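# Examination of the molecular architecture
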Amino acid sequence: MSIVMRIRRRIMDDKPVLIISDTHAPYHHAHALEFLKNTYDAYGCGRVVHIGDLFDFHYGSRHKTELDAYNFQIEYDAALEFSAQLTEVFPKGTLILGNHDLIPWRQLQEVNIGQEVLKSKNDIFGLPKTWDIKENYHVLNFPGWESDVLCEHGVGSNGMYGAINTAIAKRCSFVMGHAHSFASVNYRTNYKDTIFGLNVGCLADSGSLSQRYGKYFKFKQVTGCGVVFNPEMALFEKMRESDYE
C-alpha cells in the first residue's frame, strides 16, 4: 500500500463509525435511511457497520407467521429493495449476521441440506462486494489506540445491562443491538483504561406485523443508532419521531 493510501486509510479510520442494528427489512422504520444519513453527516462518520438483523425473514421463521403477512417472495423482494436503497446511501460497509439474517441457513439445516445450495451471502442480502459480511463479530480498529471495539449482534447479551456486562466479561468496549427495548452507553474505568458497553436499539417499525409480538411487552422498542468515536467514547442517537413526520 502506498504512503498516500496509508494516509487516506488512517484519516478514514480516525473518523467516527456509524452503527446500525435491527432494521428487520422490509419491516424497517419508514424514515430509517433519512435518519441514518443525517446522523452519519452530523458526526462526520467515515465507516458504517450494520450489526445484524438487516432482514427479518418473517415468512421463513420458526415462529408462527402472521395471517396477513406477505408471502415469501413479496417480503424478500421488498427487503432487497431496502438493501438497494441502503447501499445507495452507504456504498461501503460491514454487516454482521444477526439471528434473523441466519434463518435461511437454519431452515436448510432442519431438512439436512447444506448451505452450498445458497447464493453468496452478498447476493442473498443484495449487497455489493464493497460490503463485507461477518458471521459472528467485527472488530473496530482505531489508529493510535492500543485497544479495539468489539461489535456483535448481541445474542446471549440480553437485558438492560447486557452490553456493559459483556464488555466487562470480555474486558473491551462492546457494541450490540438485538435487545430492541434497551439503548444506552455505560462506562467502566479501572486503573488502566475506560471501556464502554453500547446498545444501539433498533430501526424496525414497531407497528409492523413482524413486531406485533412486542405489543404487550412492558418495555417498548427504542428507535435509534450508535456512533463510536474511539475505544473509550461512544453515543446512542435517539430518533425523534417528530423530526420525521
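Residues numbered from 1 in each chain as written. Predicted model: local features only at pLDDT ≥ 70, side-chain atom pairs only at ≥ 80, totals over all residues. Heavy atoms only, no water.

What follows is about the sheet that holds strand S6 (residues 149-152). Across the sheet, which stays open at both edges, the five strands sit in the order S5-S6-S7-S9-S8 with mixed pairing between neighbours. Edge positions in the sheet fall to strand S5 (137-140) and strand S8 (183-189), since each of these pairs with one other strand and no more. Looking at each pair of strands side by side, their axes are set apart by 15° on average, direction ignored. In the sheet, S5 pairs with S6 via four bridges, with the strands oriented antiparallel. Paired with Tyr137 across the strands is Glu152, a residue of S6. Against the sheet, helix H6 (residues 162-170) contacts S6, strand S7 (173-176), S8 and strand S9 (194-200), and its axis sits at roughly 145° relative to S9. (Pairing = 2+ DSSP bridges. Helix = DSSP H or I, 4+ residues; strand = E, 2+ residues; numbered from the N terminus. Axes fitted to C-alpha atoms, helices over the stretch in contact; angles between N-to-C directions. Contact = heavy atoms within 4.5 Å.)

This next bit is on the sheet that holds strand S3 (residues 93-96). Taken in spatial order, the six strands line up as S4-S3-S2-S1-S10-S11 in an open sheet, and their pairing is mixed. With one partner strand each, in any of the chains shown, strand S4 (131-134) and strand S11 (233-238) form the two edges of the open sheet. This sheet shows a mean twist of 20° between the axes of neighbouring strands, independent of strand direction. Sheet analysis places strand S1 (residues 17-20) next to strand S2 (residues 47-50), joined by four bridges and oriented parallel. Bridge pairing in S2 links Ile19 to Val49. Relative to the sheet, helix H2 (residues 32-42) contacts S1, S2, strand S10 (224-230) and S11, its axis offset from that of S10 by approximately 20°.

Counting residues in hydrophobic clusters, the biggest one holds 34 residues, and the most contacted among them are Leu18, Leu36, Phe90 and Phe125. For this core, the elements supplying multiple residues, two or more each, are S1, H2, helix H3 (72-89), helix H4 (103-110), S4 and S10. At five residues, the largest contribution of residues to this core is made by H2. Counting 17 residues, the second largest nonpolar core, distinct from the first, contains Val17, Val49, Val149 and Val175. (Core = buried A, V, L, I, M, F, W, Y, C linked by side-chain atoms within 4.5 Å. Buried < 20%, exposed > 50% of the residue type's maximum accessible area, 1.4 Å probe, protein only.)

The next point concerns a nonpolar patch on the surface. Among the surface-exposed residues, Val111, Ile113 and Val117 lie close enough to one another that they form a single nonpolar patch of about 270 Å² accessible area. You can see Val111 is positioned in the loop between H4 and helix H5 (121-124). What makes Val111 exposed here is its relative accessible area of 53%. (Patch = residues over 30% accessible without salt bridge, like charges linked within 9 Å, V, L, I, M, F, W, Y side chains within 5 Å. Areas by Shrake-Rupley, 256 points an atom, 1.4 Å probe, with all protein chains shown as cover. Salt bridge = Lys/Arg side-chain N within 4 Å of Asp/Glu carboxyl O.)

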